[in-house]
Amino acid sequence: MQTTDTVLMIEPIAFGFNAETAKNNYFQVEQKGFDTQFKALSEFKAFVEKLRSKGINVITIKDTLDPHTPDSIFPNNWVSFHKDGRVVVYPMFASNRRVERREDIIETIKEQGFEVAEIDDWSFPETQGHFLEGTGSMIFDHDNKIAYGSVSLRLDENLFREFCEKYGFTPIVFHSFQTVGEERLPIYHTNVMMCVADKFVVICLDCIDDELERSKVIETIKNSGKEIIEISEEQMQQFAGNMLQVNNKEGQKFLVMSETAYKSLDENQVAAIEKYCEIIYSDLNTIEVNGGGSARCMLAEVFLPKK
């Protein structure tokens, strides 16, 4: 199944600009003289409320002050929860993000009635400079067992292929870029330029500079039976690729995104999405500007079996 009705979200208590991740996350801008934590918490709570009001099960867990983890609001990078009961823990680029991995979070998920058969720890390669940042770096088409991965410092190609082999996914490897000043630089996470839903894919094809790679991605999506809804690089910069499809307890599907992303879409793109599902959007501006991540990054899907 492509979607789940349960997501994990980490409530921030010391959210802020992370200089370590900003080295290769070109979406981040530090808002100085700004009550970042206060505004981020307000955005977080409003977002959670919107999701819950639609019948989506949101498990919220508070961050800790010590150790300081400015990016803990983005849990999908360090953990993923799979339908066979496996929980995967990933190798992270920034050293101050590695301490986001907390066993008590996994225990809380279990206490919510989910079964954990195994914790599959992939974190070791980070000590050797190799990273694979969860569903930030990998985009899963669960129904067709395809994984899309854009190579960057946050996605090591060999690790990605190894993961796909172990978990039974066909890897689709490509390179995506964004214009920063006069340069074309690698996009830090695949999930800012594409989103795979049950019947459609939102993607910035203009970011894939290599024509052969672009053709391969297009062909793979079409062969999987999904409609391509294309966004521009300018829309991608507004987090229009950073979306996630979820469902509620009744099975109704929604595409979740930020208000910034929603406002960047044109009427035809909105109509193309709404053919398939309702859109939920929320104001996440403070989180996006300082953290360089948006709605999808804040949601760790829980596919684990229920007890």
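I will try to describe carefully the structure that is included in this document.

Basis of the calculations
- Residues numbered from 1 in each chain as written.
- Predicted model: local features only at pLDDT ≥ 70, side-chain atom pairs only at ≥ 80, totals over all residues.
- Heavy atoms only, no water.
- Phe/Tyr/Trp six-rings, centres within 6.5 Å; stacked < 30°, edge-to-face > 60°.
- Helix = DSSP H or I, 4+ residues; strand = E, 2+ residues; numbered from the N terminus.
- Buried < 20%, exposed > 50% of the residue type's maximum accessible area, 1.4 Å probe, protein only.
- Lys NZ or Arg CZ within 6 Å of the ring centre and 35° of its normal.
- Pairing = 2+ DSSP bridges.
- Axes fitted to C-alpha atoms, helices over the stretch in contact; angles between N-to-C directions.
- Contact = heavy atoms within 4.5 Å.
- Salt bridge = Lys/Arg side-chain N within 4 Å of Asp/Glu carboxyl O.
- Expected span 1.5 Å × (residues − 1).
- Polar contact = N/O pair within 3.5 Å; in protein donor to acceptor, adjacent residues only side chain to side chain.

**A word on the packing of aromatic side chains**
So, step 1. The final tally for this structure, using the stated rule, is eight aromatic pairs.
So, step 2. Ring geometry for F140 against F169: centres 4.6 Å apart, planes inclined by 20°, an arrangement best described as stacked. Placement of F140 in strand 6 (residues 138–141) and of F169 in the loop between helix 5 (157–167) and strand 8 (170–174) is noted, with a sequence separation of 29 residues between them.
So, step 3. Judged by its relative accessible area of 7%, F169 is buried.
So, step 4. Cluster of aromatic residues (ring-pair linked, three or more members): Y90, W122, F140, F163, Y167 and F169.
So, step 5. Its guanidinium or amino end placed over the ring of Y281, K50 lies 5.4 Å from that ring's centre, counting from NZ or CZ.
So, step 6. Stacked on the ring of F169, the Lys or Arg K145 has its end atom at 4.0 Å from the ring centre.

**Quick notes on the sheet that holds strand 3 (residues 79–81)**
So, step 1. Reading across from one edge, 3-4-5 is the order of the three strands in this open sheet, with mixed pairing throughout. For this open sheet the edge positions go to strand 3 and strand 5 (118–121), each flanked by a neighbour on one side alone. Averaged over all pairs of adjacent strands, the angle between their axes in this sheet comes to 20°, without regard to strand direction.
So, step 2. Strand direction decides the pairing type here: strand 3 and strand 4 (residues 86–89), joined by three bridges, are antiparallel. Following the sheet pairing, F81 is matched in strand 4 by V87.
So, step 3. Helix 5 contacts strand 4 and strand 5 of the sheet and is inclined by roughly 175° relative to strand 4.

**Side note on the pattern of salt bridges**
So, step 1. As enumerated under the stated definition, the model contains 18 salt bridges in all.
So, step 2. For E233, the salt bridge is made with R184, and the minimal N-O distance between the two is 2.8 Å. Residue E233 is located in helix 7 (residues 233–237), and its partner R184 is located in strand 10 (residues 183–186); the two are separated by 49 residues in the primary sequence.
So, step 3. Residue K263 is joined to E259 by a salt bridge in which the shortest nitrogen-to-oxygen separation is 3.7 Å. Taken together, the residues K263 and E259, both in helix 8 (residues 259–264) and four residues apart, mark about one turn of the helix.
So, step 4. Its relative accessible area of 63% is what places K263 among the exposed residues.
So, step 5. Linked through salt bridges whose partners overlap, the residues forming this network are R98, R101 and E126.

**Observations regarding helix 1 (residues 36–53)**
So, step 1. Taking 1.5 Å per residue, 18 residues should reach 26 Å; helix 1 reaches 26 Å between its end C-alpha atoms and fits that length.
So, step 2. The inward-facing, buried residues of helix 1 contact strand 1 (6–11), strand 2 (57–62), strand 15 (253–258), strand 16 (278–282) and helix 10 (285–291).
So, step 3. Once helix 1 ends, the next one or two residues include G55, with phi positive near 90°.

**A look at the side chain of E233**
So, step 1. For E233, a relative accessible area of 16% translates into the label buried.
So, step 2. A polar atom in the side chain of E233 sits 2.8 Å from the backbone nitrogen of T179.

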